[in-house]
Every structure is written in structure tokens, then in C-alpha cells.
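What follows is each chain in one-letter form.
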Amino acid sequence: MVIDCKHVWEYISGYLDNNLEASERNEVQKHLEHCEICSAILDSTRNILILTADERVFELPLGFSERLHARLDEEMQRIA
Amino acid sequence: MVDNPQVVDEAQIISAIVRGETHLFHDLIRPHERSVYGMVFSLLQNEADAEDAAQEAFLKAFRNLSKFRAESKFSTWLISIALNEARSKLRQKKAMKIESLDAGSEEDGHVSPAILRDWREVPYEALERKEVRQMIQLALADLPGIYREIFLLRDVEELSVNESAEALGISVASVKVRLHRARMMLQKTLAPQLKQVNPKRRWFPWL
């Protein structure tokens, strides 16, 4: 079975998570070897996942920690 | 038994807190502050609401710590509390909301990715640039609620497929379908933008 690009796109997420059936994985792999477009889609998706998971994407607001721990202290004193 | 305070693990800290050493809760949560905040901020899209929801989540975790069961990870438990806190805040502010959490049914067809001829890796250092961080935040904000939630749990907070299914109260199959669409939607939005970012500055000054 030879699969086309659109078919490969449906497998990208599973491919990245390594949870495709062996036969599906092989087909995708074979396709990727000769298809620049699908390779670029796979590479860009993988790259985007790495970037979005980086903790620098979300900065804590200034003073967030201080306010949080002060509130927790109040709670601890309340129940003490 | 050797008692080495250097290797006191999370489970021991938790039982000490439950026994009354409440001040240890401060140390327990410090490593999780940023991820809890990032999670609720992505869902609420507003700093003040996110800070409120994050504080509430940590307070709830503190009050309910005795109910925490060691078979799950503390971080996973905490993220589930934060998710629920953010969801209930969204419900209160009917405005933003329901529409965004419900948008996009399971039946919506597939999502086509952005077509590119090649891809040049965007390195971590790009995140030092505010415009790049904002690009990512906006793309996340644009995802319909059900896709944003699964993406945050699975790809940002790194919960397993099963843990994500449990946190969201959906099936493992739905997790996979939603996650796939979320990733493709992000690729579709972000890949063309990130590709433009590259040439503005040379990542490898020696080239």
C-alpha cells in the first residue's frame, strides 16, 4: 500500500508520539524518505512542540510568587 | 533506615505536611508555580484571572492534600486542580467561554497543515525574543478550547495520554484525535510565522 500526503498528515501526531502500528509507521517512513513537503511538515511540527513546551513561553507576573506564598501563609495561620 | 534530608522525596514531604508541618508546602509547590500559571493563563487569557485561578488552585491543593493518593504524580494532580479552577472561572464569566470551550466538535473533519518545502530548525534561543514568545501565546490562544486544553495537558505539562484522558474526563481515543488536530492547527498557524522569524537575525553568526 502506497500512501499519499494527505494520508500521511493524519499520522503525524501518532508518528511523533511513537504510537503507530508497525505497518503504518513503515508506510509513513517510506513516504517521508522521498517527500520534502511531508518531511517539512513533520519537522516543523516537532520543532513547534519543543518550543511551546519551553517554560520561557509563559513568564510569571512580577511578584506572583510573593503574593501566592503570602496567601498560603494566611491560610496556614488560619488553620493552625 | 538512613534518614538523609537531601533525598527526602515528594511523597515524604507530602506526608510531613499532612502531619502538620504545613510550612513545607511552600517548598513542595515552588517547582510547579510556573506550569500552573502557564496552564491557567493559556485558558483564561488574562493575567489577573490567571493569578486568581492559580492561587485558588494552590490553596485547594493545600486544603485537600490529605486526599492526594501517591499512585498519581503530585504535578498531575495539581494540574488537574488548576484545570478545573480555570474552567469554573471561565464558566463564571460566561462571556469568554462556553463558546470557546465547546467550539469544534469531534466530527469536524481533518485539519490540513501549512505546506512548506523545507524547514529550518528554530532554535531554543529564539524564545529569548519577546515577539517569538508572543507568537506562540497567540497561536495557543487561538485554538478552540477543547484543543487548547488537550495540547496544554499533553504537550506542555507532559501528562500521559491516560492521565490527560482522566483529567478531561474523555476517552483515550478522543485525546488522540483532539491532540492531533491541536498540533496540526498550531503547525498551520505557527510554521509560516516562525519561518519568517528566522531570516531577521542570524542564529549562527559564524555562517
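Residues numbered from 1 in each chain as written. Chains lettered and ligands numbered in written order. Predicted model: local features only at pLDDT ≥ 70, side-chain atom pairs only at ≥ 80, totals over all residues.

A. Representation of unusual backbone geometry within the structure. Residues and elements named next belong to chain A. One non-glycine residue, Asn 18, lies in positive phi territory at about 60 degrees. Within the fold, Asn 18 resides in the loop between helix H1 (5–16) and helix H2 (22–34). Look at Asn 18 and you get exposed, because 7 C-beta atoms sit within 10 Å. (Helix = DSSP H or I, 4+ residues; strand = E, 2+ residues; numbered from the N terminus. Buried ≥ 20, exposed ≤ 12 C-beta atoms within 10 Å, placed from the backbone.)

B. Molecular detail of the environment of Arg 46 of chain A. Positionally, Arg 46 of chain A belongs in helix H3 (residues 36–52). Here the alpha-carbon distance between Arg 46 of chain A and Val 8 of chain A, two residues 38 residues apart in the chain, equals 15 Å.

C. Just the interface of chain B and chain A, in detail. In this assembly, 39 residues from chain B lie in contact with 31 residues from chain A. Mapped onto the side of chain B that touches chain A, the elements with two or more residues apiece are helix H2 (24–29), helix H3 (33–44), helix H4 (47–63), helix H7 (130–142), helix H8 (145–156) and helix H10 (172–200) of chain B. No other element matches H10 of chain B, which puts 7 residues into the side of chain B that touches chain A. Grouping the amino acids of the side of chain B that touches chain A by side-chain chemistry returns 20 nonpolar, 9 polar and 10 charged. (Contact = placed C-beta atoms within 7 Å. Nonpolar A, V, L, I, M, F, W, Y, C, P; charged D, E, K, R; others polar.)

D. Structural context of the confidence of the model for chain B. Residue and element names in this part refer to chain B. Averaged over every residue, the pLDDT of chain B is 86; residues scoring 70 or more account for 84%. Considering each helix and strand of chain B separately, the mean pLDDT is smallest for helix H6 (residues 94–102), with a value of 52, and largest for H4, with 97. In the predicted assembly, ipTM is 0.90 and pTM is 0.85. (pLDDT = per-residue confidence, 0-100.)

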